[in-house]
There are 2 protein chains.
Amino acid sequence: MALSDRRESILQIVIQDYIETATPVASRHVVERYALPTSAATIRHEMQLLESEGYLTHPHTSAGRIPSNRGYRHFVQSLMGHAELGVAEQATVRHQFFQAAPAVDEWADLAATVLAQSLGLLAIVAPPQPQRLRVRQLELISLNDLLALMIVVVQEARVIRQLTPLPAPCPPEQLDALAHRLNIDVSGQDADAVRNFPAADADEQAVLDTLARVLDRDIERSGAASIAGLGGVVSQPEFHAEPERSLQMIELVDRQTITQFVPHATLQAGGLRVLIGDDNPSDFLHDCSLVVAPYGAEYGRSGYVAIIGPTRMNYSRSVAAARFHSALLQEMMDTVYGGSA
Amino acid sequence: MALSDRRESILQIVIQDYIETATPVASRHVVERYALPTSAATIRHEMQLLESEGYLTHPHTSAGRIPSNRGYRHFVQSLMGHAELGVAEQATVRHQFFQAAPAVDEWADLAATVLAQSLGLLAIVAPPQPQRLRVRQLELISLNDLLALMIVVVQEARVIRQLTPLPAPCPPEQLDALAHRLNIDVSGQDADAVRNFPAADADEQAVLDTLARVLDRDIERSGAASIAGLGGVVSQPEFHAEPERSLQMIELVDRQTITQFVPHATLQAGGLRVLIGDDNPSDFLHDCSLVVAPYGAEYGRSGYVAIIGPTRMNYSRSVAAARFHSALLQEMMDTVYGGSA
DNA sequence: GTTAGCACTCTCACAGGGAGAGTGCCAGCG
DNA sequence: CGCTGGCACTCTCCCTGTGAGAGTGCTAAC
């Protein structure tokens, strides 16, 4: 059933006002602040209808109206429009990204920090998780005769460091030669290929073993998401009132387990999702909303940018910011690692 | 003035009981729980004396006694003895460390997590910060004609990655040659030397500029400490009562600014310090205590292991844990990087 | 359809009071 | 002279009640 124009704009006013003030909005407040050409009683009547249709509720008899989950959903789908971040803000963020070290983890850290800062909500940014890692370039640096530092640049946007022991003493020049030799062979290969590669001597074998092991290990490790904005989100009035919820949130962030609530498995490339209140599968987030935008699907299991906050979050800004950052991360990855993906 | 034996053991009982229960300890509670051969009135009398000497206070007339900062200090210096971590716990932690990747940052993460977990307090672990970085090896990887990925291996156990723009188009083979040429020149040099190096052409100049900038920048960045245990510390009853203090703590951790409260500048190699209450220079920590143990002084500006919690922390366990972890980190660094420092 | 008026309900803040906990002090005892 | 039992005193905590304020729901009139 469609809402009348006036009722729709009242719904929009109530939601935007509540998002801003975090207090139930009263009929009189609406007519005064927004200079409507009707009386408070009329607004009350319309609000009653909106409530009977499930878009609004009120916490108790003598309180103003607050949006229901259904109200928020309608707002996100039909009312809020399609905002974008300001040009100046976009430029600032872009600049920061190009200043940063060109590593996916660093970008994730940076994106999480910037998002958290600008929204005052919890931001989680996970880098894409490659299915397999393929060597792009291999360097060996002699620490001493029996120990070398291995540096592997992989095609999947990552640099790995690992110590590798050498069974036989190997002076620096010889090690250089070894690296040069192996580079030709292993370039573009994944762990399995490296493992099956015939080694010429014991040193080569040791290096190949370490390399294969490290390629496997780093796949696991690369899932680590960056989280920022805990301070902002627990400062939100909804958490202020319930200390035990704050504590749960803090624990979840401290142990990084909050990431399990992001439905990354069901994301479509390029698709942005907004989960409002009980859309969230987890009980813990039943009073929260989550905005998630995937990126980098072509680099393995998709990475994502997620925003978590109370259902009374600024959806317009959150969606715009999530969209912008996921696109930017995609662009960064394509620029730096795209040529070889 | 020396305390009588009995008064001293009453002080010890009060402090240990308060550390355990977090509630002011009453005279009757002491005689009952610890089966003392005296009456509550006697204990009360002794407590009055301890209070007049400044070792105890009580929050209001009809409350039991709590230790004052002076009481805690006396406890730490004379009463608590010198505990060590259990053998089994030591073995478990050692095992975890030798499983981890051989990178200082990883160790710091691990140590912070383990400490926070086992103490229920905030743990901060900072890796040693080198005074200057010297190039060991430089690699340039062509991303496209105008953009290269620079990888710098520095002698101080660190790998830096950075994007560098190229003013003139430069195909991969040419870039390789450039890297090879520069490598001979910059190997062993620090930022200042690199900056003063005469460049042969515009590309070389651009690379050298980026390199010098990056060497400087990474010194700052390498201080990044690992922090864990926020959940544990704000669950402590002293924070539970004061939400705005919790919020401050959360903000400080979220923005990593809590590290500025660790007095790392004044640390002696091998020396462990315990700052109790207003020993702390910062107002924010006036109701907290801090245990800090340095390590790795020979690798630059000393790293440290720090524990932060309410003054009512378990000093014995905290000191033992901090001491153990700093020694372990020292040992790990010596094993892996000792040869080349 | 809109509006003014009014009764009703619920929250919030504050004050008062009783129970409980623990001390401080005093007088008496070994 | 140190130790102890007893008792009055004080302070917190929790519960209750009350009054003001806010905002709605309803009704009757325009």
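Scoring rules and cut-offs
- Residues numbered from 1 in each chain as written.
- Chains lettered and ligands numbered in written order.
- Predicted model: local features only at pLDDT ≥ 70, side-chain atom pairs only at ≥ 80, totals over all residues.
- Heavy atoms only, no water.
- Near = heavy atom within 4 Å.
- Polar contact = N/O pair within 3.5 Å; in protein donor to acceptor, adjacent residues only side chain to side chain.
- Helix = DSSP H or I, 4+ residues; strand = E, 2+ residues; numbered from the N terminus.
- Nonpolar A, V, L, I, M, F, W, Y, C, P; charged D, E, K, R; others polar.
- Pairing = 2+ DSSP bridges.
- Axes fitted to C-alpha atoms, helices over the stretch in contact; angles between N-to-C directions.
- Salt bridge = Lys/Arg side-chain N within 4 Å of Asp/Glu carboxyl O.
- Buried < 20%, exposed > 50% of the residue type's maximum accessible area, 1.4 Å probe, protein only.
- Phe/Tyr/Trp six-rings, centres within 6.5 Å; stacked < 30°, edge-to-face > 60°.
- Lys NZ or Arg CZ within 6 Å of the ring centre and 35° of its normal.
- Contact = heavy atoms within 4.5 Å.
- Buried area = accessible area lost by both parts, 1.4 Å probe.
- Least-squares fit on C-alpha atoms with pLDDT ≥ 70 in both.
- Core = buried A, V, L, I, M, F, W, Y, C linked by side-chain atoms within 4.5 Å.
- Domains from an automatic or database assignment.
- Parallel < 35°, antiparallel > 145°, perpendicular 65-115°, else oblique.
- Left-handed = near helix turned anticlockwise from the far one by under 90°.

Lining the immediate environment of DNA strand D, one finds 21 residues, of which Ser 27 of chain A together with Arg 6, Ser 39, Thr 42 and Thr 61 of chain B sit closest. Contact between DNA strand D and Arg 44 of chain A: a base nitrogen at 3.3 Å from a side-chain N or O atom of the residue. Take Ser 62 of chain B: an N or O atom from its side chain is 3.0 Å from a base oxygen of DNA strand D. Secondary-structure elements contributing two or more residues to the surface near DNA strand D are helix 3 (40-52) of chain A together with helix 3 (40-52) of chain B. Broken down by element, the surface near DNA strand D gets its largest block of residues, three residues, from helix 3 of chain B. Taken together, the residues that form the surface near DNA strand D break down as five nonpolar, twelve polar and four charged.

It is worth spelling out the protein's contact with DNA strand C at this point. Of all residues adjacent to DNA strand C, which total 19 residues, the nearest are Arg 6, Ser 39, Thr 42 and Thr 61 of chain A together with Ser 27 of chain B. Sugar plus phosphate, as a fraction of atoms of DNA strand C within 4 Å of the protein: 76%. Within the side chain of Gln 48 of chain B, a nitrogen or oxygen atom sits 3.2 Å from a phosphate oxygen of DNA strand C. With three residues, the top contributor of residues to the surface near DNA strand C is helix 3 of chain A. Residues belonging to the surface near DNA strand C are distributed by class as follows: three nonpolar, twelve polar and four charged.

Time to look at the sheet that holds strand 3 (residues 122-126) of chain B. Backbone hydrogen bonds hold the strands of a sheet together, and the pairing may be parallel or antiparallel. All names here are of chain B. Strand order in the open sheet formed by five strands is 7-3-10-9-8, with antiparallel pairing between adjacent strands. Edge strands, defined here as strands with exactly one partner in the open sheet, are strand 7 (226-228) and strand 8 (273-276). Neighbour-to-neighbour, the strand axes of this sheet turn through a mean angle of 15°, independent of strand direction.

Moving on, we get to the pattern of salt bridges. Enumeration according to the criterion identifies 32 salt bridges over all chains in this entry. Arg 181 of chain B is the partner of Glu 204 of chain B in a salt bridge, and the nearest nitrogen-oxygen pair spans 2.7 Å. Pair noted here: Glu 204 of chain B is in helix 9 (residues 202-221) and Arg 181 of chain B is in helix 7 (residues 172-186), with a separation of 23 residues, a long-range link. Put simply, Arg 195 of chain B and Asp 216 of chain B hold a salt bridge, and the shortest N to O gap is 2.7 Å. Of this pair, Arg 195 of chain B sits in helix 8 (residues 191-195) while Asp 216 of chain B sits in helix 9, and the two are 21 residues apart along the sequence. The partly exposed category is assigned to Arg 195 of chain B, whose relative accessible area is 43%. One continuous salt-bridge network, built from bridges that share partners, spans Arg 6, Arg 7, Glu 46 and Glu 53 of chain A.

What follows concerns the packing of aromatic side chains. Using the criterion set out here, one finds four aromatic pairs over all chains in the structure. Here the guanidinium or amino end of Arg 70 of chain B rests over the ring plane of Tyr 55 of chain B, the centre of that ring lying 4.7 Å away.

This next bit is on the pairing of strand 3 (residues 122-126) of chain A. All names here are of chain A. Counting buried positions over the five residues of strand 3 gives five, a clear majority of the element. The pairing of strand 3 with strand 10 (residues 303-310) spans five bridges and is antiparallel. Bridge pairing in strand 10 places Ala 123 opposite Ile 307. Sheet topology note: the strand 3/strand 7 (residues 226-228) ladder contains three bridges and is antiparallel. Its bridge partner being in strand 7, Ala 123 is matched across the sheet by Ala 228.

Moving on: the interface of chain B and chain A. Of the residues lining the interface, 33 residues belong to chain B; the matching set on chain A comes to 38 residues. Between chain B and chain A the total buried area reaches about 3200 Å² when both faces are included, carbon and sulfur atoms providing 59% of it. There are zero salt bridges connecting chain B and chain A. For the pair chain B and chain A, the interface holds seven residue pairs in polar contact (both at pLDDT 80 or more). Contributing elements (two or more residues each) for the side of chain B that touches chain A: helix 6 (104-119), strand 4 (135-144), strand 5 (147-154), strand 6 (158-165), helix 9, helix 10 (230-235) and helix 12 (243-254) of chain B. With six residues, the single largest contributor to the side of chain B that touches chain A is strand 4 of chain B. Of the residues belonging to the side of chain B that touches chain A, the class tally is 16 nonpolar, eight polar and nine charged.

Another aspect to go through is the side chain of Ser 318 of chain A. All names here are of chain A. For Ser 318, the location among the structural elements is in helix 13 (residues 315-337). You can call Ser 318 buried: its relative accessible area is 1%. Look past the residues within four positions of Ser 318 in its chain and what remains in contact with it is Leu 119, Leu 121, Val 291, Ile 307 and Met 313.

Attention now moves to the relation of the copies chain B and chain A. For the pair chain B and chain A, the relating rotation is 179°, the translation along its axis is 1.1 Å, and the fit reaches an RMSD of 1.9 Å. The operation mapping one copy onto its partner corresponds to a two-fold rotation axis. When the interface residues of chain B are mapped onto chain A, 100% of them again fall at the interface, so both copies present the same face.

Grouped together as the largest cluster of nonpolar side chains are 133 residues, with contacts concentrated most on Phe 97 and Val 125 of chain A together with Phe 97, Val 125 and Tyr 315 of chain B. The next biggest cluster of nonpolar side chains, apart from the first, holds 51 residues, and it includes Leu 122, Phe 239 and Val 262 of chain A together with Ile 258 of chain B.

Following the sequence through the fold, Glu 8 of chain B ends up in helix 1 (residues 5-21). Note on Glu 8 of chain B: relative accessible area 23%, which makes it partly exposed.

Moving on to the domain arrangement of chain A. Residue and element names in this part refer to chain A. Per the domain assignment, the segments of chain A are domain 1 (5-79), domain 2 (87-129 + 223-340) and domain 3 (135-221). Relative to domain 2, the C-alpha centre of domain 1 lies at a distance of 29 Å. Residue-level contacts link seven residues of domain 1 with eleven residues of domain 2. Summing both partners gives a buried area of about 860 Å² for domain 1 against domain 2, and 66% of it is carried by carbon and sulfur. Among the residues of domain 1 in contact with domain 2, Ile 19, Tyr 72 and Arg 73 are the three that bury the most area, contributing 51% of the side total. Summed over the shared surface of domain 1 and domain 2, the number is two salt bridges.

All names here are of chain A. Where helix 5 (residues 87-99) meets helix 6 (residues 104-119), the axes come as close as 10 Å, and the angle between the chain directions of the two elements is 150°. As summarised for this structure, helix 5 and helix 6 are arranged roughly antiparallel, according to the angle between their axes. Note that helix 5 runs across helix 6; the crossing there is right-handed. Counted together, Glu 89, Val 93, Gln 96 and Phe 97 of helix 5 and Trp 107, Leu 110, Ala 111, Val 114 and Ser 118 of helix 6 form the full contact between these two elements. Here the contact of helix 5 with helix 6 is built from residues that sort into six nonpolar, two polar and one charged.

The backbone of Gln 256 of chain A sits at a positive phi, close to 65°, despite the residue not being glycine. By the element assignment, Gln 256 of chain A lies in the loop between helix 12 (243-254) and strand 8 (273-276). Note on Gln 256 of chain A: relative accessible area 39%, which makes it partly exposed. Phi angles above zero are rare outside glycine, and Ala 22 of chain B is one such case at about 65°. Among the structural elements, Ala 22 of chain B can be located in the loop between helix 1 and helix 2 (27-33).

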